[in-house]
Amino acid sequence: MLHPRRSAQDVLLCDSCETFPLQCHCELCQINLCTNCVGKHLLDSSKRHNVVPFKQKKSTPNYPECPTHADKHCELYCEDCDVPVCSTCISDKHRGHILYDVLEKLGSKTQGLQNDLEELETRISPRYEEMASDVQTEKAKLETNYEKLTTAADQQEEIWHREITAIVNQVKSDIAEMKTKHMAALDKNTDEITHSITELKQMILNLKAILESNDISLISTYKSRNNEFRRLPPKVRVTLPSFSPQKINTDQLREMFGSLSPLSINTEEHGDTMKSPEAVPPTPVKPMKSPEAVSSPPVKPMKSPEAVSSPPVKPLLDEPRLTATIDTGYGEWKLYSVSCLNEDQVWTCGDNKTMKLLNLQSKLLTSIQTESGIRPWDIAVTRDGDLVYTDCNTVNIVKNKQIQTVITLQGWRPRYVCSTASDDLLVTMISDDKTQSKVARYSGSTETQSIQFDDQDRPLYSSDYNDKYISENRNLDICVADRTAKAVVVVNQSGKLRFRYTGHPSNTKQSFTPAGITTDSQSHILTAECRYNGSIHILDQDGQFLRYIHCDLHSPYRLCVDIRDNLFVAEYLTAKVKKIQYL
């Protein structure tokens, strides 16, 4: 506010008395004075005042007062401590530090401040506003997308409801049809019995009449029909149907319903990171080196290590447990393969053309015969629960009991097969001339990868008709049990050899003869050693032996693991499948 005695037309007044026009200026104290107040101002002998006519006033900044030394102004700047200092400070705490003239340093910093302000206002702040607007747009898109996902889930729910209703109605219709047939058979039997009863009653009446008549003629002509009626009419026996509800596999239902792709939230640097504007650099300030100045090298910031996450661990049991035994009915030495549909049902195949789906109670749930009429080489189950099998030169898939040939080979014959996490098929195969073996990956009917040689162009697998069983590990390694090579051969996803496992070093009595192979959720590799008193070898994902599984196994041949890490072992000798808990 203006002084009451001042107006826009008044001259500037003295800062001390605010009465008379200013005429002088003290450069030390940075105040304006009239001639009357100059004398009073100079009476303060504790400061070295420098009073000059106001017109000769220099345009200098206001030096800050030293917080440590009273009545001292900071005319220097300490580079090491990044603070203004007075002349007394130099010989105190700032001895040996690099010093600048505070006015020159101020000029340099002021230019930097001006440049920063201009960049913030004209370039950086608008970009942040733009980014904020983009985020709001993204949020709007997010709302729309998640509404679509919810709608898709609702639509799938309606489809499932319709399908379940249709299935239930069909079962009810079948029940009603069975009941009608059952009742019709009983009604027919009732009619036959009723007719016979009517005849019997009439015969009884006739016999009584003959006996009462005492008529020789009637008695002599009578012919007995008792033999005819001694044989009672057949009794209709209908076995009442029963309903066997399947145990609901929640995990399998969840997979069948559909799955969301994983949520991925990442931050990334902008490819168009703004560069600093090329401004005119301020005039460099030459430092003044105070006595005993010591320079120190810059300290580099330490990088924090990246966090490594580990999946939940299921420890191995001290003693694996046999929890179920399934009799497949193929006969001794005639069970060739097993593959899990779920924790209660397994597909099996043997020495004939029939593949069987059995439950833990050995009950046959369904069966499929190969289209070629010969026995399958191998079977597998896809992520969708469809059965896959190989035979002469084809790979086939069974959907709703309908067989579709998805791969037909020329020059090669498929042997063993597994379904991968990406729903591809991995197939081991042998050339027609029995000189080459390889693993091929198929997406549908298209071969997308061929794995045959190592980095030195040496064959990875033995080249004969002996079995080469295959499984994909959870870390996407491809694991092959090669019986002829007496080794488990493991390559990575790109087909590069990682390691070979040739058995536990302590076993020197018998050679390692791997047969079936499978993997579990812990990326363990399990392989069967096919002897009469054979065992299962458990390896870690790097091929290190962990332990054996025995469980009184007889010639363990083929293996599979369900979604709960239960191990199913097909015994070649007994034609039984044993379910084992080992985690």
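Thresholds, definitions, all that
- Residues numbered from 1 in each chain as written.
- Predicted model: local features only at pLDDT ≥ 70, side-chain atom pairs only at ≥ 80, totals over all residues.
- Heavy atoms only, no water.
- Helix = DSSP H or I, 4+ residues; strand = E, 2+ residues; numbered from the N terminus.
- Buried < 20%, exposed > 50% of the residue type's maximum accessible area, 1.4 Å probe, protein only.
- Contact = heavy atoms within 4.5 Å.
- Areas by Shrake-Rupley, 256 points an atom, 1.4 Å probe, with all protein chains shown as cover.
- Salt bridge = Lys/Arg side-chain N within 4 Å of Asp/Glu carboxyl O.
- Pairing = 2+ DSSP bridges.
- Axes fitted to C-alpha atoms, helices over the stretch in contact; angles between N-to-C directions.
- Phe/Tyr/Trp six-rings, centres within 6.5 Å; stacked < 30°, edge-to-face > 60°.
- Lys NZ or Arg CZ within 6 Å of the ring centre and 35° of its normal.
- pLDDT = per-residue confidence, 0-100.
- Arc of directions from axis to C-beta.
- Patch = residues over 30% accessible without salt bridge, like charges linked within 9 Å, V, L, I, M, F, W, Y side chains within 5 Å.
- 1 Å grid on protein atoms, 1.4 Å probe; cavity = no way out; pocket = protein on both sides within 12 Å on 5 of 7 lines; lining within 4 Å.
- Points joined across faces, edges and corners; volume = space filled by probe spheres on them.
- Nonpolar A, V, L, I, M, F, W, Y, C, P; charged D, E, K, R; others polar.

(A) Spotlight on the overall build of the protein chain. What the protein chain contains, in helices and strands, is 6 helices and 31 strands. Taken over 583 residues, the protein chain has a buried fraction of 34%. Long-range contacts, defined as pairs at least 24 residues apart, comprise 46% of the intrachain contacts of the protein chain with a sequence gap of at least 6. For the protein chain, the exposed surface amounts to about 37800 Å²; the carbon and sulfur share of it is 52%.

(B) How the structure looks around the pattern of salt bridges. By the definition in use, this model includes 17 salt bridges. The partner of K314 in a salt bridge is D565, and the shortest N-O contact between them spans 2.9 Å. Here K314 is found in the loop between β7 (288-289) and β8 (321-327), whereas its partner D565 is found in the loop between β29 (556-561) and β30 (566-571), with 251 residues between them in sequence. Ionic pairing is found between R441 and D424, a salt bridge with its closest N-O pair at 3.7 Å. Linking R441 in strand β19 (residues 437-443) with D424 in the loop between β17 (412-419) and β18 (425-431), this pair joins segments that are 17 residues apart in sequence. Each member of the pair R441 and D424 is classed as buried. Here the residues in one salt-bridge network are E199, R225 and E228, joined through shared partners.

(C) The arrangement of the sheet that holds strand β2 (residues 31-33) in detail. In space, the 3 strands of this open sheet follow the order β2-β1-β3, with antiparallel pairing throughout. The sheet is open, and its two edges are formed by β2 and β3 (51-53), each paired on a single side. Neighbour-to-neighbour, the strand axes of this sheet turn through a mean angle of 30 degrees, independent of strand direction. Where strand β1 (residues 24-26) and β3 come together, 3 bridges link them in antiparallel fashion. Residue pairing for β3: C24 is matched across the bridge by P53. Set on the sheet, helix α1 (residues 35-42) makes contact with β1, β2 and β3; between it and β2 the angle comes to about 125 degrees.

(D) Structural context of the packing of aromatic side chains. Evaluation of the coordinates by the stated rule reveals 8 aromatic pairs. On the numbers, 5.8 Å between centres and 85 degrees between planes, the contact of Y469 with Y557 is edge-to-face. Here Y557 lies in strand β29 and Y469 lies in strand β21 (residues 468-472), a separation of 88 residues in the sequence. Of the two residues, Y469 and Y557, both sit in the buried class. Put simply, the rings of W333, Y336, W377, Y416, Y469, Y557 and Y572 touch in pairs and so form one group of aromatic residues. Across the ring face of W377, the terminal group of R415 is positioned such that the distance to the ring centre comes to 3.9 Å.

(E) Just the confidence of the model for the protein chain, in detail. Per-residue confidence for the protein chain gives a mean pLDDT of 83; residues scoring 70 or more make up 87%. Taken element by element, the predicted model of the protein chain shows its lowest mean pLDDT in β7 (48) and its highest in strand β14 (residues 387-390) (95). The low-confidence segment residues 289-311 (pLDDT under 50) makes 13 contacts with residues lying over four places distant or belonging to another chain.

(F) Layout of α1. Buried within α1 are the following residues: C37, V38 and H41. The buried residues of α1 all sit within an arc of 115 degrees when viewed along its axis, so they share a single face. Those residues of α1 that are exposed and angled more than 90 degrees off the buried face are T35 and K40. As for α1, its buried residues are in contact with β1, β2 and β3.

(G) A look at the environment of V489. Along the chain, V489 turns up in strand β23 (residues 487-491). Sequence-wise, V489 and G543 are 54 residues apart; in three dimensions their C-alpha atoms are separated by 9.6 Å.

(H) Looking closely at a nonpolar patch on the surface. A cluster of nonpolar side chains, contributed by L142, Y146, L149 and L260, occupies part of the molecular surface with about 400 Å² of accessible area. Among the secondary structure elements, L260 is positioned in the loop between α6 (250-257) and β7.

(I) Representation of the sheet that holds strand β25 (residues 514-519) in the model. What the 4 strands build is an open sheet, ordered β25-β26-β27-β28; its pairing is antiparallel. The two strands at the open ends of the sheet, each matched to only one other strand, are β25 and β28 (545-549). For this sheet the average axis-to-axis angle between neighbouring strands, irrespective of direction, equals 25 degrees. Here strand β26 (residues 525-529) pairs with strand β27 (residues 535-539) via 5 bridges, running antiparallel. When the sheet's bridge partners are listed, A528 is paired in β27 with I536.

(J) Broad picture of the environment of V427. Residue placement: V427 occurs in strand β18. Spatially, the C-alpha atoms of V427 and T390 are 9.0 Å apart, while their sequence positions differ by 37 residues. Not counting residues within four places of it along the chain, the set of residues in contact with V427 comprises V395, P414, R415, Y416, V417, K438, V439, A440 and Y442.

(K) Up close: the environment of T151. Positionally, T151 belongs in helix α3 (residues 102-213). Relative accessible area serves as the criterion here: at 40%, T151 is assigned to the partly exposed category.

(L) Spatial organisation of empty space enclosed by the protein. By the definition in use, this model includes 1 cavity of 30 Å³ or more. Secondary structure elements with two or more residues in the lining of the largest cavity: β18 and β19. Residues belonging to the lining of the largest cavity are distributed by class as follows: 5 nonpolar, 3 polar and 4 charged.

(M) Molecular detail of the pairing of strand β10 (residues 345-350). β10 sits mainly inside the fold: 6 of its 6 residues count as buried. In β10, alternate side chains face the same way, and those of Q345, W347 and C349 on one face and V346, T348 and G350 on the other are all buried. Taken together, the 5 bridges between strand β9 (residues 335-340) and β10 define a ladder with antiparallel strand orientation. Along β10, the bridge assignment pairs S339 with W347. Linking β9 back to β10 in an antiparallel pair, the connection comprises 4 residues. Note: β10 against strand β11 (residues 354-359), 5 bridges, orientation antiparallel. Within the sheet, the bridge partner assigned to C349 lies in β11 and is M355. Count of turn residues in the β10/β11 antiparallel hairpin: 3 residues.

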